[in-house]
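Understanding the architecture of this molecule
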Amino acid sequence: MSLESPAALWGLASLALLAIFSLWRQAAGRATVPSLLLWKRIPERNPPIRALRRPKARWELLLQALAVAAAVLALAGPFVASEIPRPRRVALVLDTSARLRQGGRIDRIREEALRLYDGPLSGDRRSVFAAAPSPRRLDRAGLAALGPVDEHVDLEPLLAAARQAADHVLLLSDRAPAGVDARLFGSEGGNVGITALSVGGGEIFARIANHGAVRDVALVVRIDGRETAERISLPAGGERAWSRKADLGGAESVALELETGDGFPLDDRAGAVRLGTAEATATVTGSRDPDVLRALGAVEGVKLRSEGEALVSVGVDAVPGPASFRVRIHTPLGASPGSPVVLRHPLTAGLESRASELGRVGELPPEARGGDPLIAVGERRVAVLRGTELHVCVDLDPARGWPAFPSFPIFWANVVDFARKGAGEFAVLRTGRPFALPPGSAVAAASEPGAIWSLSDSGDFLAHTAGDYLVRRAGGERRLPVGLLDARESDTAGETRSPGWDPARPEGREPEPARLGGWAAGAALGALLLAWLLERRRD
Amino acid sequence: MLFDEAFVRKLEALRLAVRRSVSGRRAGERPTRKRGGSGDFVAHRSYAQGDEFRAIDWNLYGRLGQLYVKEFAREEALPVRLAVDTTPSMAPKFDFARRLGAALALVASQESPSGALAEIERLRLGAPFLPVAPARGLLVVVSDLWDESLRGALAEGRSEKAVIHVLSPEELAPPFSGKLRLVDAETGESRVRFVGDEERAEYRRLLAAHCEDWRSWCFDREINYLRCASSTPLEEVVQVYLREAGVLE
């Protein structure tokens, strides 16, 4: 055994202090006398120095001396030399971004990680971090089963976790942030891919990136399966916007596909789909009030149906049918005194100054009062919007003033427009981006095996792999395409580089001496505790 | 058995000494002022109604023509009460005190068998200790006399009394020294103090004064007083010291 700081042994001199101190504070011995009668009469005096007793070999004193000696030893830093190499703390961070699918690099990264794990790092404390799909720490089995995800992986959280867990962090990717030691697996460049897509307002808009030389590519556009193609020219190393006007009034889906012939087809396709119905259809449940039917029918483009899924469904004192937007009209039980106030909202556009023409209104029933108020009488809520449901408490009886509301068709025109903008828009889903599904719909399954997706607590759908997913909703199932549209993944080139740090070299694995300071400190504490207990017991 | 055969025989040769005549309920060997019984002739007196006819001295009647009855000295047993201190302060010398008490009970039982010996044998340290002097007879108290209230009990009654002051060697010469917590065996009261040669010498002086105070107090009240160390052989105490002190004869 050796000492890191032998000078600390001078602290053993404190044992002499302990002896002096114990002399000074000798505990009074106990003597039972038949009576204190005579002893009380004897005057007390301070004991002379020569009368101090020699410290007895008491256990307390022995333990105290032991505690002091152990504490001094702990300060001296005792250690025993060892020949066993010290394990290093090494973390491997694996990038599983979608672009690494190109050229099978993700498999090479996994194989390299396994080689390091089982080989040069086998004597070290290894940690493996990857985001497949979310940032996590992997064990050996998890590493062996690691696969790619079709999204961009943010490396910063992984690197931060790895830096906390290890002294050496090695990134396996195709590019590395500054200051990070990495084994990089580059690939051929020149990828062409779709990086953005939006559909709406009678237009299809896309951004197409080209990481290679100037070239022409064929772009296939499919609207509800009807296919057209055109050739577009792409500038070198840049991005171009592409758009096309189209009649999308009745269309349910739009898809774009590039014919690039590159080794990374994942970003060559993108799609958009309507989750609601495209047609401006309406249904009425409950009392089929002729004025309501007439007003709805007066809105341009609205087709009235008797049943089935619709864009708008109105329930007059009844639950509305399945629809992207539902309006429930409650007949008031009594008139609310006061003048109604119409608040500004797309649903009340053009009605703000005509509140006095609303006719007889009342307060909504308690179960329907939650949501954003649209019309109120004092504190009472007459109309509220809750998600995709509108509740209105207004009397439709003509004898009580309903026909006196001349702007009623304007209100229904607002409702239809609002429903179209909400559920009727085209949705473009990207991997790694949460998407709020319409109320009443849920993802049933992925159309391809091995797909990775999840639902958040709030019901948002998040796909980690590209492909088609089936969404179940009131009107039936609908195919929901999810494509890779992250611009950062379209550049597949990266670079090839070996790490600056060679895990096979022995640096950092110097044998570590077995330090005994902790044990000595523990012994000191234990002895001190025992001494204290003994002293308490004796008292 | 507290004593061996030889010691018992020596005890049988002894008896408790009293200065005054005694009076008790039982007939015994002690002369009393009472007349009657079958003891030695004391005097004649005139016959009175109720006297026993057999007490009439017919010879005197023949000579004097008057009825006289003979009076004899009545011998009665000595009422003896033995009180052995059982308070906690007696702990180091209780065995000695109990054996001493038993020896005295054995001596007393020769005159008048009683349960005193059995009572002494049953005594346990910590039992209540309340010496009460008999109306007449002898009270023997064996104690360390640390309880000053004993003076009151000893001062009461007209009976003869004897006090045997027993002290242990540790009381006579405290063996301890240094910084000590002295604990009163009787009260549990404690006091931390230093005890050195000076303190021990002062203690011995005060103890001697304490014993002398008891001795003179007993002397003033015609109480036999004997001080002895519990380390003294019991036979020596009984055969020598108690006889010298006039407790035994």
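Owing to the predicted nature of the structure, the values given are computational and were not obtained by experimental measurement. (Residues numbered from 1 in each chain as written. Chains lettered and ligands numbered in written order. Predicted model: local features only at pLDDT ≥ 70, side-chain atom pairs only at ≥ 80, totals over all residues.)

**Comments concerning the overall build of chain A**
A tally of regular secondary structure across chain A gives 9 helices and 32 strands. Expressed as a percentage of its 539 residues, the buried residues of chain A come to 36%. Considering only contacts in chain A between residues 6 or more positions apart, those separated by 24 or more positions represent 70%. (Helix = DSSP H or I, 4+ residues; strand = E, 2+ residues; numbered from the N terminus. Buried ≥ 20, exposed ≤ 12 C-beta atoms within 10 Å, placed from the backbone. Contact = placed C-beta atoms within 7 Å.)

**Comments concerning the pairing of strand 29 (residues 460-463) of chain A**
All names here are of chain A. One ladder, built from 2 bridges, connects strand 26 (residues 435-436) with strand 29; its direction is antiparallel. Considered in strand 29, the bridge of Ala436 is made with Asp460. In this structure, strand 28 (residues 453-455) lies alongside strand 29, joined through 3 bridges in antiparallel fashion. By the bridge assignment for strand 29, Leu455 is matched with Phe461. Once strand 28 ends, the chain turns through 4 residues before running back antiparallel as strand 29, passing Gly459 with a positive phi of about 90°. (Pairing = 2+ DSSP bridges.)

**Quick word on unusual backbone geometry**
Here the phi dihedral of A:Asp224 falls at roughly 50°; this positive angle occurs in a residue that is not glycine. Among the structural elements, A:Asp224 can be located in the loop between strand 11 (215-223) and strand 12 (226-234). You can call A:Asp224 exposed: it has 12 C-beta atoms within 10 Å. Within the chain, B:Glu222 stands out as a residue other than glycine whose phi angle is a positive 55°. Of the residues examined, B:Glu222 has 10 C-beta atoms within 10 Å and is grouped as exposed.

**Let's talk about the interface of chain A and chain B**
Listed as interface residues are 20 residues of chain A and, on the opposing side, 26 residues of chain B. Of all elements in the fold, only strand 2 (29-33) and helix 2 (37-41) of chain A reach the threshold of two or more residues within the side of chain A that touches chain B. Looking at which element gives the most residues to the side of chain A that touches chain B, the answer is strand 2 of chain A, with 5 residues. Considered class by class, the residues forming the side of chain A that touches chain B number 11 nonpolar, 4 polar and 5 charged. The pairing of strand 2 of chain A with strand 7 (residues 178-184) of chain B spans 5 bridges and is classified as parallel. Looking at the pairing, A:Val33 lines up with B:Asp184 of strand 7 of chain B. (Nonpolar A, V, L, I, M, F, W, Y, C, P; charged D, E, K, R; others polar.)

**Structural notes on the nonpolar core**
Counting 44 residues, the largest nonpolar core has B:Val107, B:Val140 and B:Ile164 as the members making the most contacts within it. Elements with a contribution of two residues or more to this core: strand 4 (80-84), helix 3 (94-111), helix 4 (116-122), strand 5 (138-143), strand 6 (160-167), helix 7 (197-220), strand 9 (224-229) and helix 8 (234-244) of chain B. At 11 residues, the largest contribution of residues to this core is made by helix 3 of chain B. Discounting residues that sit within four places of it in the chain, B:Val140 has contacts with B:Val80, B:Leu82, B:Leu104, B:Ala162, B:Ile164 and B:Val247. Residues A:Ala383, A:Val392, A:Leu396 and A:Val416 belong to the second largest nonpolar core, which totals 41 residues. (Core = buried A, V, L, I, M, F, W, Y, C linked by C-beta atoms within 7 Å.)

**Quick notes on the packing of helix 1 (residues 5-12) of chain B against helix 3 of chain B**
All names here are of chain B. At a minimum axis distance of 9 Å, the contact between helix 1 and helix 3 shows a crossing angle of 50°. As far as their axial angle goes, helix 3 and helix 1 are oblique. Note that helix 1 runs across helix 3; the crossing there is right-handed. Between helix 1, through Val8, Leu11 and Glu12, and helix 3, the contact on the second element is made entirely by Ala103, Leu106, Val107 and Gln110. A breakdown of the residues in the contact of helix 1 with helix 3 according to their chemical character gives 5 nonpolar, 1 polar and 1 charged. (Axes fitted to C-alpha atoms, helices over the stretch in contact; angles between N-to-C directions. Parallel < 35°, antiparallel > 145°, perpendicular 65-115°, else oblique. Left-handed = near helix turned anticlockwise from the far one by under 90°.)

**Topic: the sheet that holds strand 32 (residues 514-515) of chain A**
All names here are of chain A. Read across the sheet, 3 strands follow the order 1-3-32 without closing on themselves; strand pairing throughout is antiparallel. Unpaired on one side and paired on the other, strand 1 (2-3) and strand 32 mark the two borders of the sheet. In this structure, strand 3 (residues 78-80) lies alongside strand 32, joined through 2 bridges in antiparallel fashion. Within the sheet, the bridge partner assigned to Val80 lies in strand 32 and is Ala514.

**Focus on helix 7 of chain B**
Taking 1.5 Å per residue as the helical rise, helix 7 of chain B with its 24 residues ought to reach 34 Å, and the 35 Å between its terminal C-alpha atoms agrees with that figure. For helix 7 of chain B, every residue scored as buried is listed here: B:Tyr203, B:Trp214 and B:Cys218. Elements in contact with the buried residues of helix 7 of chain B: helix 2 of chain A together with strand 6 and strand 9 of chain B. At the exit of helix 7 of chain B stands B:Glu222, carrying a positive phi of roughly 55°. (Expected span 1.5 Å × (residues − 1).)

**Some thoughts on the environment of A:Leu121**
All names here are of chain A. Inspection of the secondary structure puts Leu121 in the loop between helix 4 (105-118) and strand 5 (125-131). On the basis of neighbour counts, which here come to 22 C-beta atoms within 10 Å, the residue Leu121 falls in the buried class. Each C-alpha atom of the pair Leu121 and Arg88 lies 8.3 Å from the other, and the pair is 33 residues apart in sequence. Setting aside chain neighbours within four positions, we find Leu121 in contact with Val90, Leu116, Arg126 and Pro503.

**Topic: the environment of A:Leu534**
Residues and elements named next belong to chain A. Along the chain, the position of Leu534 falls in helix 9 (residues 517-538). By the C-beta count within 10 Å, which is 17 here, Leu534 ends up partly exposed. Every residue in contact with Leu534, bar those within four places of it in the chain, is listed here: Trp59, Glu60 and Leu63.

**Comments concerning the sheet that holds strand 24 (residues 426-427) of chain A**
Residues and elements named next belong to chain A. Pairing in this open sheet of 5 strands is antiparallel, and the strands run 12-11-14-15-24 from one edge to the other. Of all strands in the sheet, those bounded by a partner on one side alone are strand 12 and strand 24. Sheet analysis places strand 14 (residues 253-259) next to strand 15 (residues 269-274), joined by 5 bridges and oriented antiparallel. By the bridge assignment for strand 15, Ala255 is matched with Gly271.

**Some details on the confidence of the model for chain B**
Residues and elements named next belong to chain B. For chain B, the mean per-residue pLDDT works out to 83, and 87% of the residues sit at or above 70. Confidence drops under a pLDDT of 50 for residues 21-28, and excluding neighbours within four residues, the segment shows 34 contacts in the predicted structure. For this predicted complex, the interface confidence score (ipTM) comes to 0.79, while the overall pTM stands at 0.48. (pLDDT = per-residue confidence, 0-100.)

**A look at the environment of A:Arg473**
Residues and elements named next belong to chain A. Among the secondary structure elements, Arg473 is positioned in strand 30 (residues 467-473). For Arg473, a count of 20 C-beta atoms within 10 Å corresponds to the buried category. Considering only alpha carbons, one finds Arg473 and Ala442, 31 residues apart in sequence, at a separation of 6.5 Å.

**Here's the deal with the packing of helix 3 of chain B against helix 8 of chain B**
All names here are of chain B. Where helix 3 contacts helix 8, the axes come no closer than 10 Å and their chain directions differ by 45°. In terms of axis orientation, helix 3 runs oblique to helix 8. Note that helix 3 runs across helix 8; the crossing there is right-handed. Contact residues: helix 3 offers Phe96, Arg99, Leu100 and Ala103, while helix 8 offers Leu234, Val237 and Val238.

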